[in-house]
Amino acid sequence: MFIEVAKLLAAKELDFEDGKIIFLREPLIMFPLDTVLDFQRKLEKINLQNLIYFSARETGLKWFKLMVDHYKMDYEDIIKWGCKKIDLAGLGRTNVKIISLKDGQALNELKDSSFAKLYLKRFGKSNYFVDNIYRGYAAGAGKLIFNGKDCHAIETKCIAKGDDTCEFVIKPVDKFDYTKQIVKDQLSFPKKFQNIIETNP
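Residues numbered from 1 in each chain as written. Predicted model: local features only at pLDDT ≥ 70, side-chain atom pairs only at ≥ 80, totals over all residues. Heavy atoms only, no water.

Caption draft 1: Region of interest: helix 2 (residues 33-44). End to end, helix 2 covers 17 Å across 12 residues, agreeing with the expected 16 Å (1.5 Å per residue, within 8%). Of all the positions in helix 2, only Val-36, Leu-37, Gln-40, Leu-43 and Glu-44 are classed as buried. End-on, the buried residues of helix 2 take up no more than an arc of 125°, which puts them together on one face. Those residues of helix 2 that are buried are in contact with helix 3 (50-71), helix 5 (114-123) and helix 6 (132-145). (Helix = DSSP H or I, 4+ residues; strand = E, 2+ residues; numbered from the N terminus. Expected span 1.5 Å × (residues − 1). Buried < 20%, exposed > 50% of the residue type's maximum accessible area, 1.4 Å probe, protein only. Arc of directions from axis to C-beta. Contact = heavy atoms within 4.5 Å.)

In structure tokens, the structure reads:
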């Protein structure tokens, strides 16, 4: 990781200056992971934890699109640099285990998920799949990889639930079976709050 950081600094794609951090043309901030964990736990109490996913899905798409438009990337570059972004952001070590452009589906793995491991440490085994930020970013990137089709992602393995790793299925929204409980749990949102997650123009 230190080598990648050194390369980014040398190319001025990672910059620390005057109270700002810029990474691949986007401003970042550093704060304790506990901040996000506390926020998610509070949302779980009112069954709104998926709000984090929908927000990360929208902002992740914008972040990846900015990178793609500026550097003129193809789908292989999106995957390569997307994985590097996730790693450098401290979310864990990610890789794409399976991808099929023809079928419009990908299977990602997130090893040593920082969020899931902290969740497990603080609260014990979770009843939820907890990696909503990564899941949202993966869905946002999916739209760029699968020819502009809106995508969702669901987590199928989670360290916080007792699994040894975290895994995610990413595919266009019309390819999910919304009658399955695992899909309902991760992609549903209360109707009275639906306007909150409507995509901004």
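Caption draft 2: Summary view of the packing of aromatic side chains. For the coordinates displayed, the defined rule picks out 8 aromatic pairs. Summarising the aromatic geometry, the rings of Tyr-53 and Phe-54 are spaced 5.0 Å apart at their centres and angled 70° between planes, so their arrangement reads as edge-to-face. For the residue pair Tyr-53 and Phe-54, the accessibility class agrees, reading buried in each case. Pairwise contacts between aromatic rings join Tyr-53, Phe-54 and Phe-189 into one cluster. The residue whose ring lies beneath Arg-41 is Phe-123, and the NZ or CZ to ring-centre distance is 3.8 Å. Over the ring of Tyr-53 we find Arg-135; its NZ or CZ atom is 3.9 Å from the centre of that ring. (Phe/Tyr/Trp six-rings, centres within 6.5 Å; stacked < 30°, edge-to-face > 60°. Lys NZ or Arg CZ within 6 Å of the ring centre and 35° of its normal.)

Interpretation note: all reported values are geometric properties and have no functional meaning in isolation.
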